[in-house]
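Architecture and fold: a report
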Amino acid sequence: MEATTMAQPTSTGDADVPAKPPAAAQSGTTLAARRRSRVRRTALWMVVALVLAIAAYLFWGRDRLPAAEVFQVLGGEKVPGTSFIIMSDRLPRIAVGMLAGAGLGISGALFQRWLGNPLASPDVIGVGYGASAAAVFAMIIRGYTDWKLNAFSLAGGLLVAALIYWLSAAGKRTGSRLILAGLAIGAMLQALIQYLLTQAQVNTASDVMHWLTGSLASSNWENALLLLVSLGAIGILLLPLVLRQLKMLELGEDAAAALGLHVGWARALLVFVAVAMGALPIAVTGPMAFVAFLAGPITAALTRGPINILLAGLTGATLVTIANFFAANLFADLSLPVGVITGAFGAPFLIWILVRANSTGSGA
């Protein structure tokens, strides 16, 4: 009797005990949770760094301002001198810098994720040079300084992207070929920019050269609004769709097509959004070196995972804001363009990526 009782487990107990998930599934769930935690933690630190950089520039940008007066201005009061410095100079610089950095960071991260290559940023593959060359043409030959300059910059970036896309096996995911084609096109566009500068008046050429270094000197609320509206529209209307399609494209084009994705249209939309997010800031601030290149790999290194597109945007905004503070304060008697600082940061990082890729045996 006792043996019979032991041999018959209760059906209720069996039904209530859930089946244990496989070890691989548990491990995958744990890894995903840790990755999300690292992304949230990195985003928090980026926000803290961004806020500190903003505060530092408001109080110590070029000339130190009394804290009480800064708080009065931020509270809506009018303080002679301080109100002009804060509201007409420092806050517009911060706003334009943050928006431009976010756009460049997202642009670079989209190219890097799509092509699976940390070198595939707009300023490396030639798209940034296309936007810059078109903007220089618009400024020197056409005399444009308004929204038409943005239109030329966007058109130049898209044209170069299409040309590189065609040269690298008609849009197949051949990252190395695309980068080589971009470097060749970029070299030719640099020569075109130099030629255009020889055709400009001295004052115009000086202004263009300053713009080509990447500068926030001409920042104002109109430029900030222009970037906010244009980048915001693309980010709200198109970026979510691109991010969903990017996840399918990363599975491979055959797998993406099997899931019902129109691969050709998805690639074209991704390229348009990536170029627009980079070309529109370039038209306003000039090509700030390495921001698009740095943002994505920095997020990947901090989160120890794949490049996070939105976090790359936050990182780009933080990089430009920090660079803006150092550009104003690094030398007592000299205010540097922001692009000089980002270029100085970016060059060693590029060398580090190349050395790291070589040491791990992974291709660039």
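Below you will find a few notes about this structure. The structure presented is a predicted model; accordingly, all values stated were derived computationally and were not measured.

Now for the pattern of salt bridges. The tally for this structure, following the rule as stated, stands at three salt bridges. Among the salt bridges present, the one from Arg 93 reaches Asp 89, with a minimum N-O distance of 3.2 Å. Here Arg 93 pairs with Asp 89, and both are found in helix α5 (residues 82–115), just four residues apart, close to one helical turn. Residue class for Arg 93 comes out buried when judged on its relative accessible area of 18%. Its salt-bridge partner being Glu 253, residue Arg 267 comes within 2.8 Å of it at the nearest N-O pair. With Arg 267 in helix α14 (residues 263–285) and Glu 253 in helix α13 (residues 253–258), the pair connects residues that are 14 residues apart, well separated along the chain. Since its relative accessible area comes to 12%, Arg 267 is described here as buried.

A complete count under the given rule lists seven aromatic pairs for this structure. With 5.7 Å between their ring centres and 65 degrees between their planes, Phe 290 and Phe 293 make a pair best called edge-to-face. A single burial state applies to Phe 290 and to Phe 293, both of which are buried. Over the face of the ring belonging to Tyr 57 we find Arg 90, whose NZ or CZ atom lies 5.9 Å from the ring centre.

Moving on, we come to the packing of α5 against helix α15 (residues 291–303). One way to put it is that α5 packs onto α15 with a least axis distance of 7 Å and a crossing angle of 65 degrees. In this view, α5 runs roughly perpendicular relative to α15, as classed from their interaxial angle. Two packed elements cross with a definite hand, and for α5 against α15 that hand is right-handed. Contacts between α5 and α15 involve Gly 101, Leu 104, Gly 105, Gly 108 and Gln 112 from the first element and Val 291, Ala 292, Phe 293, Ala 295, Gly 296 and Pro 297 from the second.

Calculation notes
Residues numbered from 1 in each chain as written. Predicted model: local features only at pLDDT ≥ 70, side-chain atom pairs only at ≥ 80, totals over all residues. Heavy atoms only, no water. Salt bridge = Lys/Arg side-chain N within 4 Å of Asp/Glu carboxyl O. Helix = DSSP H or I, 4+ residues; strand = E, 2+ residues; numbered from the N terminus. Buried < 20%, exposed > 50% of the residue type's maximum accessible area, 1.4 Å probe, protein only. Phe/Tyr/Trp six-rings, centres within 6.5 Å; stacked < 30°, edge-to-face > 60°. Lys NZ or Arg CZ within 6 Å of the ring centre and 35° of its normal. Axes fitted to C-alpha atoms, helices over the stretch in contact; angles between N-to-C directions. Parallel < 35°, antiparallel > 145°, perpendicular 65-115°, else oblique. Left-handed = near helix turned anticlockwise from the far one by under 90°. Contact = heavy atoms within 4.5 Å.

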